[in-house]
Structure formats: C-alpha cells, structure tokens
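# Descriptive structure summary
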Amino acid sequence: MKLVCPCGAIIVDQTDDLPYRADIIPHQDWEPLWGELHRTLRALVAATVAGTREEWIRGTMGPGYPLHPSAEDVVSDLLGALRTELTRHAYQCEECGRLLVQDPADLRRFHSFAPEGDGSASLLASRRPRD
C-alpha cells in the first residue's frame with residue numbers, strides 16, 4: 001500500500017517491521033479483546049483435552065480451515081483475525097512527522113495530524129531494543 005502525505009511524501013507499506021507504522025486498538029476494545037482471546041484459548045485447550053479439537057476447529061475457524069493445524073497456527077490465526085477486526089493503521093510521515101490514522105468507518109481513508117514543533121521523532125517505532 002502507498003499513501004500520499006499532505007506534504008507530498010509517499011508512505012510505503014509493503015513489508016513488515018516498519019518503524020513508522022502502528023496498529024491502533026481503541027481503549028474501549030482492549031479489555032474485550034483480552035476477554036475474547038482468553039475464552040477462545042480456554043475453549044481450544046478444553047476441546048483438545050476432551051478429544052473434540054477437530055469439531056471445535058470446524059465450528060470456530062470455519063468449514064474450509066485445515067482440521068490438523070499446529071497449536072501455533074491456530075493461535076496465530078485467532079490473533080490475526082482479532083487484529084484485523086479491532087485495529088486500524090497509523091503511519092508517521094518520515095518527511096514532516098504527520099500522523100496519518102485510518103478512519104474506522106472507511107478503512108480506505110486516512111486523517112492526518114500535524115505535530116507541534118519538531119515532528120522528526122519516530123513516534124510509532126518500537127520501544128524495545130532491536131536485534
């Protein structure tokens with residue numbers, strides 16, 4: 001995906017691990033997200049212990065989902081589905097520092113917010129040390 005910042009710079013999103021991109025989860029969705037994740041993972045574990053994992057996968061993941069995926073694949077797909085449902089994207093222009101935030105009502109539209117003062121800081125970059 002490519003966005004054009006109001007300053008004219010092109011923001012490119014065609015790979016992972018971008019220091020100028022973030023996914024926003026509204027605070028109102030934070031607790032429900034964790035609650036749903038905990039309930040779903042508990043149900044997966046219970047179905048696995050009870051020997052009904054395939055039925056659980058069909059009922060939860062849909063009819064086209066593989067019946068014998070690894071636990072890692074199931075958890076990754078569950079997290080990915082929640083991420084897609086609950087998040088929206090934000091980008092920081094590396095040229096002018098503006099934040100471009102995806103409109104929750106129209107995911108093809110972005111709203112820009114200009115920084116006060118120096119906008120050169122990487123506001124969306126990870127706080128964790130990089131390898």
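Look above for the structure.
What you see is a predicted model; the values in this text were computed from it and never measured.

## Let's talk about the overall build of the protein chain
- Summing up its helical and strand segments, the protein chain has three helices and six strands in all.
- The linear arrangement of helices and strands in the protein chain, starting from the amino end, is β-β-β-α-α-α-β-β-β.
- Over its C-alpha atoms the protein chain spans a radius of gyration of 19 Å, topping by over 25% the 14 Å that the globule rule assigns to 131 residues.
- When the backbone C-alpha atoms are referred to their principal axes, the protein chain occupies close to 60 × 35 × 30 Å.
- Within the protein chain, the fraction of its 131 residues that count as buried is 27%.
- Here the analysis covers contacts within the protein chain between residues at least 6 apart in sequence; of these, 47% occur between residues at least 24 apart.
- For the protein chain, the accessible surface area stands at approximately 9300 Å², while carbon and sulfur atoms represent 52% of it.
- The averaged location of the 20 negative side-chain charges in the protein chain is 2 Å from the averaged location of its 14 positive side-chain charges.

## A word on the nonpolar core
- By size, the foremost hydrophobic cluster in this structure holds ten residues: L3, C5, A9, I11, L18, Y20, Y91, C93, L100 and F110.
- When sequence neighbours within four positions are dropped, the list of residues in contact with C93 reads C5, C7, A9, I11 and R98.
- In terms of nonpolar packing, the next biggest core, distinct from the first, is built from seven residues, L44, W56, I57 and L78 among them.

## A closer look at the sheet that holds strand β6 (residues 110-113)
- Taken in spatial order, the four strands of this open sheet run β3-β4-β5-β6, and their pairing is antiparallel. Across the chains shown, the open sheet's two edge strands, defined by having one partner strand only, are β3 (21-24) and β6. Sheet twist, expressed as the average angle between the axes of neighbouring strands with direction ignored, equals 25 degrees.
- Summarising the sheet, strand β4 (residues 88-92) and strand β5 (residues 99-102) pair through three bridges and their orientation is antiparallel. Looking at β5, one finds that Y91 is bridged to L100.

## Brief notes about helix α2 (residues 53-61)
- Of the residues making up α2, those classed as buried are R53, W56 and I57. All buried residues of α2 project into a common sector of 100 degrees when viewed along the axis, lining one side.
- If you follow the buried residues of α2, they end up packed against α1 (27-50) and α3 (71-86).
- In the stretch just after α2, G62 is the one whose phi turns positive, near 105 degrees.

## A look at the pattern of salt bridges
- Counting across every chain of the model gives five salt bridges.
- Where R21 meets D13, a salt bridge forms, and the shortest distance between an N and an O atom there is 3.0 Å.
- Overall, the relative accessible area of 21% leaves R21 in the partly exposed class.
- Residue classification places D13 among the buried residues on the basis of a relative accessible area of 12%.

Parameters at a glance
- Residues numbered from 1 in each chain as written.
- Predicted model: local features only at pLDDT ≥ 70, side-chain atom pairs only at ≥ 80, totals over all residues.
- Heavy atoms only, no water.
- Helix = DSSP H or I, 4+ residues; strand = E, 2+ residues; numbered from the N terminus.
- Rg over C-alpha atoms; globule rule 2.2 N^0.38 Å.
- Buried < 20%, exposed > 50% of the residue type's maximum accessible area, 1.4 Å probe, protein only.
- Contact = heavy atoms within 4.5 Å.
- Areas by Shrake-Rupley, 256 points an atom, 1.4 Å probe, with all protein chains shown as cover.
- Lys, Arg positive; Asp, Glu negative; His and termini not counted.
- Charge placed at Lys NZ, Arg CZ, Asp CG, Glu CD.
- Core = buried A, V, L, I, M, F, W, Y, C linked by side-chain atoms within 4.5 Å.
- Pairing = 2+ DSSP bridges.
- Axes fitted to C-alpha atoms, helices over the stretch in contact; angles between N-to-C directions.
- Arc of directions from axis to C-beta.
- Salt bridge = Lys/Arg side-chain N within 4 Å of Asp/Glu carboxyl O.

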